Amino acid sequence: MFNTNLCKESNHICLQASFISKKLQSKNKKKQDRKTILVVEDNKDLQMVARLMLETLLYKVVTVSTGREGLKYLHEHSRTALILLDIMMPEMTGLEFLSIVKQDLVLKKIPIIIQSALTDESIQEGMAMGASGYVQKPYNQETLYAAIKKLNIKGGGHERIIN
């Protein structure tokens, strides 16, 4: 496990966490068996941190930078297990993305955890629109794991690592 603050301070620590993540993935779970989490986040550094956290929990992670890219991916991969969604993004906000997904008969079943550094009001709005959970930025791996665990999404293999 690692803390996001460490990743921001040192690329070496991020690379080390990535190496550990890769070793755990190969030892504990075949890649094709892992559940996929789509991370919709416009900040490349935060994409990397989320990817490392989730891969350490043995999920397959796909990252995109815009809501449009996220929708395109979901229409091609509707069996995605979870979406981790940033609220503030260019082109299409996270709330606009959430609204589109929740109106789609196939995609609306995918749980969405919103992530935001904004006020509680934006989080409450997202929850009212159908988000399954939220994490307040900045968050750590334990906080993210707790949000995922509440949704009872199995298949990451993370129970062996966290508990």
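Use the structure listed above.
Residues numbered from 1 in each chain as written. Predicted model: local features only at pLDDT ≥ 70, side-chain atom pairs only at ≥ 80, totals over all residues. Heavy atoms only, no water.

On to the sheet that holds strand 5 (residues 133-136), then. In spatial order, the strands read 2-1-3-4-5; together these 5 strands make up an open sheet with parallel pairing. Looking at the sheet topology across the chains shown, the edges are occupied by strand 2 (60-64) and strand 5. Geometrically, the sheet is characterised by an average inter-axis angle of 20° between neighbouring strands, direction not taken into account. Where strand 1 (residues 36-40) and strand 2 come together, 5 bridges link them in parallel fashion. (Pairing = 2+ DSSP bridges. Helix = DSSP H or I, 4+ residues; strand = E, 2+ residues; numbered from the N terminus. Axes fitted to C-alpha atoms, helices over the stretch in contact; angles between N-to-C directions.)

A word on the pattern of salt bridges. For the coordinates displayed, the defined rule picks out 5 salt bridges. Here Glu-41 ties to Lys-137 by a salt bridge, and the two come within 2.9 Å at their closest N and O atoms. Separated by 96 residues along the polypeptide, Glu-41 in the loop between strand 1 and helix 3 (44-56) and Lys-137 in the loop between strand 5 and helix 7 (141-150) bring together distant segments of the chain. Both residues of the pair, Glu-41 and Lys-137, count as buried. Salt-bridge contacts for Glu-55 lead to Arg-51; the nearest nitrogen and oxygen are separated by 3.1 Å. With Glu-55 and Arg-51 both in helix 3 and 4 residues apart, this pair spans about one turn of that helix. Overall, the relative accessible area of 26% leaves Arg-51 in the partly exposed class. Here the salt bridges share partners, and the residues they tie into one network are Glu-41, Asp-86 and Lys-137. (Salt bridge = Lys/Arg side-chain N within 4 Å of Asp/Glu carboxyl O. Buried < 20%, exposed > 50% of the residue type's maximum accessible area, 1.4 Å probe, protein only.)

Attention shifts here to the layout of surface pockets. If you add up the space inside the largest pocket, you get close to 170 Å³. In this structure, the largest pocket is lined by Asp-33, Arg-34, Lys-35, Thr-36, Ser-78, Arg-79, Thr-80 and Ala-81. Of the residues contributing to the lining of the largest pocket, the split by class is 1 nonpolar, 3 polar and 4 charged. (1 Å grid on protein atoms, 1.4 Å probe; cavity = no way out; pocket = protein on both sides within 12 Å on 5 of 7 lines; lining within 4 Å. Points joined across faces, edges and corners; volume = space filled by probe spheres on them. Nonpolar A, V, L, I, M, F, W, Y, C, P; charged D, E, K, R; others polar.)

With their axes 10 Å apart at the nearest point, helix 3 and helix 7 run at an angle of 65° to one another. At the point where helix 3 passes helix 7, the crossing takes the right-handed sense. Only Gln-141, Leu-144 and Ile-148 of helix 7 make contact with helix 3, whose side of the interface consists of Met-53, Leu-54 and Thr-56. Looking at the contact of helix 3 with helix 7 residue by residue, the class counts come to 4 nonpolar, 2 polar and no charged. (Left-handed = near helix turned anticlockwise from the far one by under 90°. Contact = heavy atoms within 4.5 Å.)

Our focus in this paragraph is the side chain of Arg-34. Looking at the element boundaries, Arg-34 is found in the loop between helix 2 (11-28) and strand 1. Buried charge without a salt bridge: Arg-34, with Glu-55 as the nearest opposite-charge side chain at an N-O distance of 5.7 Å. Separated by 3.0 Å, the side chain of Arg-34 and the backbone oxygen of Tyr-59 make a polar contact. (Lys, Arg positive; Asp, Glu negative; His and termini not counted. Polar contact = N/O pair within 3.5 Å; in protein donor to acceptor, adjacent residues only side chain to side chain.)

Take unusual backbone geometry next. The omega torsion across Lys-137 and Pro-138 is -10°, close enough to zero to call that bond cis. By the element assignment, Pro-138 lies in the loop between strand 5 and helix 7. In this structure, Leu-58 takes a positive phi of about 70° despite not being glycine. Along the chain, Leu-58 turns up in the loop between helix 3 and strand 2. Of the residues examined, Leu-58 reaches a relative accessible area of 0% and is grouped as buried. Residue Glu-91 is not a glycine yet carries a positive backbone phi of 70°.

The quantities given are spatial measurements derived from coordinates; they are silent on function.
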